[in-house]
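# Structural description and commentary
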Amino acid sequence: MEQNEKARYKKWFPFTTYDLDELNNRDIVFCFHHAGGSASVYRKWTLKKEKINFVCVELPGKGTRRKERFIENFEELVGPLVESIINVADDRNILFFGHSMGAAMAFYAAAYMAQNYGREPRKIVVAGRQAPNEVNLVKSNIVLHVERITLWKKNRKYIYLWN
């Protein structure tokens with residue numbers, strides 16, 4: 001992968017436990033922040049060297065990417081994000097953690113990844129949000145497209161953390 005291409009993917013992940021170029025077989029936990037947050041919410045998680053690599057997701061218009069145009073539409077956002085996840089993860093295990101809006105983004109990214117790349121996260125851990133098949137999927141002006149995430153309704157590994 002060329003240096004420019006690496007930089008394009010890495011801008012999504014400003015804080016990581018281990019360098020994303022490091023070839024290892026550590027599981028990668030991609031952490032999706034809440035609507036009012038940024039990748040820095042999970043920065044402390046990256047400071048302690050563990051057996052897994054915590055990778056903080058930074059969305060355009062937030063935190064380290066605040067000079068970029070903010071993208072409000074999940075459909076516009078999810079393609080480039082998942083492409084970056086796939087490219088930095090290589091063949092390592094992928095796990096998602098998301099809180100509130102980040103939980104919705106994790107579900108949406110997982111469905112997109114399965115549909116477009118034939119790959120699924122090993123686990124999705126969510127907090128502060130109901131499952132995608134539950135009632136009340138509209139919060140904070142975010143509309144989830146249920147038809148795209150229903151594949152996660154059955155036989156998937158969910159861990160729900162309720163407030």
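As a starting point, this report considers the structure included with it. (Residues numbered from 1 in each chain as written. Predicted model: local features only at pLDDT ≥ 70, side-chain atom pairs only at ≥ 80, totals over all residues. Heavy atoms only, no water.)

## Quick word on the pattern of salt bridges
Within the structure shown, the criterion is met by seven salt bridges. Between Lys48 and Glu50 there is a salt bridge whose closest N-O contact spans 3.5 Å. When its relative accessible area of 56% is taken as the criterion, Lys48 is described as exposed. According to the relative accessible area criterion, Glu50 is partly exposed, its value standing at 34%. As a salt-bridge pair, Glu68 and Arg65 come within 2.7 Å of each other at their nearest N and O atoms. Here Glu68 falls in the partly exposed class, since its relative accessible area comes to 31%. What makes Arg65 buried here is its relative accessible area of 4%. (Salt bridge = Lys/Arg side-chain N within 4 Å of Asp/Glu carboxyl O. Buried < 20%, exposed > 50% of the residue type's maximum accessible area, 1.4 Å probe, protein only.)

## Section: the packing of helix H2 (residues 74-89) against helix H3 (residues 101-117)
Interaxial distance between H2 and H3 falls to 9 Å at its minimum, and their mutual angle equals 70°. Considering their axes alone, H2 and H3 lie roughly perpendicular with respect to each other. Judged by the twist between their axes, the crossing of H2 over H3 is right-handed. Across the interface between the two elements, Phe74, Glu75, Leu77, Val78, Gly79, Leu81, Val82, Glu83 and Ile86 of H2 pack against Met101, Ala104, Met105, Tyr108, Ala109, Tyr112, Met113 and Tyr117 of H3. For the contact of H2 with H3, the class distribution of residues is 14 nonpolar, one polar and two charged. (Axes fitted to C-alpha atoms, helices over the stretch in contact; angles between N-to-C directions. Helix = DSSP H or I, 4+ residues; strand = E, 2+ residues; numbered from the N terminus. Parallel < 35°, antiparallel > 145°, perpendicular 65-115°, else oblique. Left-handed = near helix turned anticlockwise from the far one by under 90°. Contact = heavy atoms within 4.5 Å. Nonpolar A, V, L, I, M, F, W, Y, C, P; charged D, E, K, R; others polar.)

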